[in-house]
Amino acid sequence: MTDIATRATRVVAPPGGRRRRPGGGPRAGTVAAFLTPFFLPFVLFYLVPVGYALWQSFLVVRRTGGQYGTPYTAFGGLDQYAQVFQNTEFWSSIGRIGLFGIVQVPVMLFVALIMALLLDTPLLKLKSSFRIAAFMPYAVPGVIAAIMWSYLYSPQLSPVVDLLNGMGLRPDFLGPEAVLWSAANVSTWLWTGYNMLIMFSALQSIPQELYEAAKIDGASNWTIAWRIKVPIIAPSIILTTVFSIIGTLQLYAEPAVLRQISSNISSTFTPNMLAYTVASGNNYQQAAAISVVIAVITFVLSFGFMRLTAKKAGL
């Protein structure tokens, strides 16, 4: 019995006399030490503000003793949300941003896809310079980019407007019919390179043997691009579309900057601008309700798009 116990101890205990813990995994303290730097800021700067905004959206401001009484906050249930859905400015901003996204997002992603395919083809020269030039706008902060483009849009300052006026075109980039697309142009300029790099990274992971086999079968570069490359990187295209949907509903910097030089952009031009304007009037509860509704719409659209594309792909 003693010999059997000794042999069992040697099997269980690793060399050096240390006993191996069940599962052989890292200690719980080590895991916590690695995860804490992420979860602590995530909780403090994301979950707590979201929870606070959600709580504020259920509050209302009331007054004791009539209109001129002392204000106090009380639980109002869904009163703030009812006001949001009855607000015509909110629905106008949603419609405006919906039109923005329907046009701007497909155009931006199509241009990004073409640029990614060009980077992946052996026919393009100076690829490094092209990649840097395409990605450089993303390195410019959105506010700075909007200021740069507002200079090019301004009828009093822009050399582009002067040139087009000399050609008899008379453009009005800040007019009521064009100002939305002027903001869309700024967003497209900013984010096309970012989306291009995501798609290009996916293209780099495709095995070269697929291209060689397709060329042996007589496929042209055009056929390889649209019949092999694009279907394979479809998940990356879906990912960039979801990011673009989220970014569209968060649009703020570009129209806010252009508003300084155009009277055709109101303080409620986009949903985020409406929430900021309401909060500036010290109606924080209403602004919180608007923000929550924007977040829900963003989640529904992005999640719905992913579900729709996954269903079509049979996933």
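Just so it is clear, the structure is predicted and the values come from calculations on it, not from any experiment. Each chain carries its own residue numbering, running from 1 in the written order of its sequence. Residues qualify for local features only when their pLDDT is at least 70, as the model is predicted, and side-chain atom pairs are given and counted only at 80 or more; totals for whole chains, interfaces and linings, by contrast, use all residues. Computation of side-chain values: all heavy atoms of the structure, hydrogens and water removed.

Draft legend 1. Spotlight on the packing of aromatic side chains. Between the rings of Phe, Tyr and Trp (Trp by its six-membered ring), a pair exists once the centres lie within 6.5 Å; its type follows the angle of the planes, with under 30 degrees stacked, over 60 edge-to-face, and the other angles tilted. Evaluated as defined, the whole model comprises 18 aromatic pairs. A centroid spacing of 6.0 Å and a plane angle of 25° characterise the contact between Phe85 and Trp91, whose relative ring orientation is stacked. Trp91 sits in the partly exposed class, given a relative accessible area of 42%. When the ring of Trp191 is compared with that of Tyr194, the centres are 5.6 Å apart and the planes differ by 90°; the resulting orientation is edge-to-face. Here Trp191 pairs with Tyr194, and both are found in helix H8 (residues 179–204), just three residues apart, close to one helical turn. Under the scheme applied here, a residue whose accessible area is under 20% of the maximum for its type counts as buried, over 50% as exposed, and between as partly exposed, the area being computed with a 1.4 Å probe on protein chains only. The class of Trp191 is partly exposed, set by a relative accessible area of 37%. For Tyr194, a relative accessible area of 24% puts it in the partly exposed group. Here the aromatic cluster, defined as three or more aromatic residues joined through ring pairs, consists of Phe38, Phe39, Phe42 and Tyr46. By definition, being over a ring means that NZ of Lys or CZ of Arg is both within 6 Å of the ring centre and within 35 degrees of the ring normal. Here Lys229 stacks its cationic end above the ring of Tyr211, 5.0 Å away from the centre of that ring. For the purposes of this entry, the term helix denotes a DSSP run of H or I that reaches at least four residues, the term strand denotes a run of E that reaches at least two, and both are numbered from the N terminus.

Draft legend 2. Representation of the packing of helix H5 (residues 127–139) against H8 within the structure. Where H5 contacts H8, the axes come no closer than 6 Å and their chain directions differ by 125°. Judged on the interaxial angle alone, H8 and H5 are oblique. Read as a crossing pair, H5 and H8 show a hand that is left-handed. Taking contact as the criterion, the partners of Arg131, Ala134, Phe135, Pro137 and Tyr138 in H5 are, on H8, Trp189, Leu190, Trp191, Gly193, Tyr194, Met196, Leu197 and Phe200. All residues other than Ala, Val, Leu, Ile, Met, Phe, Trp, Tyr, Cys, Pro, Asp, Glu, Lys and Arg, Gly among them, are scored as polar; the first ten of these are nonpolar and the last four charged. Residues that form the contact of H5 with H8 fall into these classes: eleven nonpolar, one polar and one charged. Every angle, taken between N-to-C directions, lies between 0 and 180 degrees, and every axis is a line fitted to C-alpha atoms, over only the stretch in contact when it is a helix. The labels follow the angle: roughly parallel below 35 degrees, roughly antiparallel above 145, roughly perpendicular from 65 to 115, and oblique for the rest. Should the near helix be turned counterclockwise from the far one by less than a right angle, the crossing is left-handed, whereas a clockwise turn marks it as right-handed. Contacts between residues were defined by any pair of non-hydrogen atoms, one from each residue, lying within 4.5 Å.

Draft legend 3. Structural detail: helix H4 (residues 88–120). Compared with the 48 Å implied by 1.5 Å per residue over 33 residues, the 47 Å span of H4 between its first and last C-alpha is a close match. Bending is quantified residue by residue as the angle between axes fitted to the seven-residue window ending at that residue and the seven-residue window starting at it. Within H4, the axis deviates most sharply at Gly101, by approximately 25°. In a helix, the anticipated span is given by 1.5 Å times the number of residues less one.

Draft legend 4. Summary view of the side chain of Ser182. Note on placement: Ser182 falls in helix H8. What qualifies as a polar contact is a pair of N or O atoms within 3.5 Å, subject to a donor-acceptor requirement within protein and to the restriction that residues adjacent in sequence count only when both atoms come from side chains. Side-chain polar atoms of Ser182 contact the backbone oxygen of Phe173, separated by 2.5 Å. Residues in contact with Ser182, not counting those within four places in the same chain, are Tyr153, Phe173 and Leu258.

Draft legend 5. Summary view of the environment of Ser236. Here Ser236 shows up in helix H11 (residues 234–249). The spacing of Ser236 and Met199 is 37 residues in sequence and 5.8 Å in space, taken between C-alpha atoms.

Draft legend 6. Representation of the nonpolar core. We define the nonpolar core as a collection of buried residues of types Ala, Val, Leu, Ile, Met, Phe, Trp, Tyr and Cys that are connected through side-chain atoms lying within 4.5 Å of one another. Judged by nonpolar contacts, the single largest core of 23 residues is most densely connected at Leu113, Ala116, Leu117, Met196, Met199, Leu203 and Ile233. Residue assignment for this core shows that the elements contributing at least two residues are H4, H8, helix H9 (208–216) and helix H10 (221–232). Broken down by element, the residue count for this core peaks at nine residues, all from H4. When neighbours within four sequence positions are excluded, Leu117 is seen to be in contact with Leu203, Ala225, Trp226, Lys229 and Val230. Counting residues in each nonpolar core, the second largest holds 19 residues, with Ile97, Tyr153, Leu174 and Leu249 among its members.

Draft legend 7. View of the environment of Pro271. The topology assignment puts Pro271 in helix H13 (residues 271–280). Looking at Pro271, the relative accessible area reads 1%, which means it is buried. Each C-alpha atom of the pair Pro271 and Trp91 lies 8.6 Å from the other, and the pair is 180 residues apart in sequence. Apart from the residues within four sequence positions on either side, Pro271 is in contact with Ser93, Ile94, Ile97, Ile290 and Ile294.

Draft legend 8. Representation of unusual backbone geometry. One non-glycine residue, Arg170, lies in positive phi territory at about 50°. Within the secondary structure layout, Arg170 lies in the loop between helix H7 (159–166) and H8. The exposure class assigned to Arg170 is exposed, which follows from its relative accessible area of 58%. Positive phi values are uncommon outside glycine, yet Asn282 reaches one of about 65°.

Draft legend 9. Representation of the packing of H4 against H8 in the model. Their axes nearest at 7 Å, the elements H4 and H8 cross at an angle of 40°. With respect to each other, H4 and H8 are oriented oblique. In terms of crossing hand, the pair formed by H4 and H8 is right-handed. Residue classes in the contact of H4 with H8 are distributed as 21 nonpolar, six polar and two charged.

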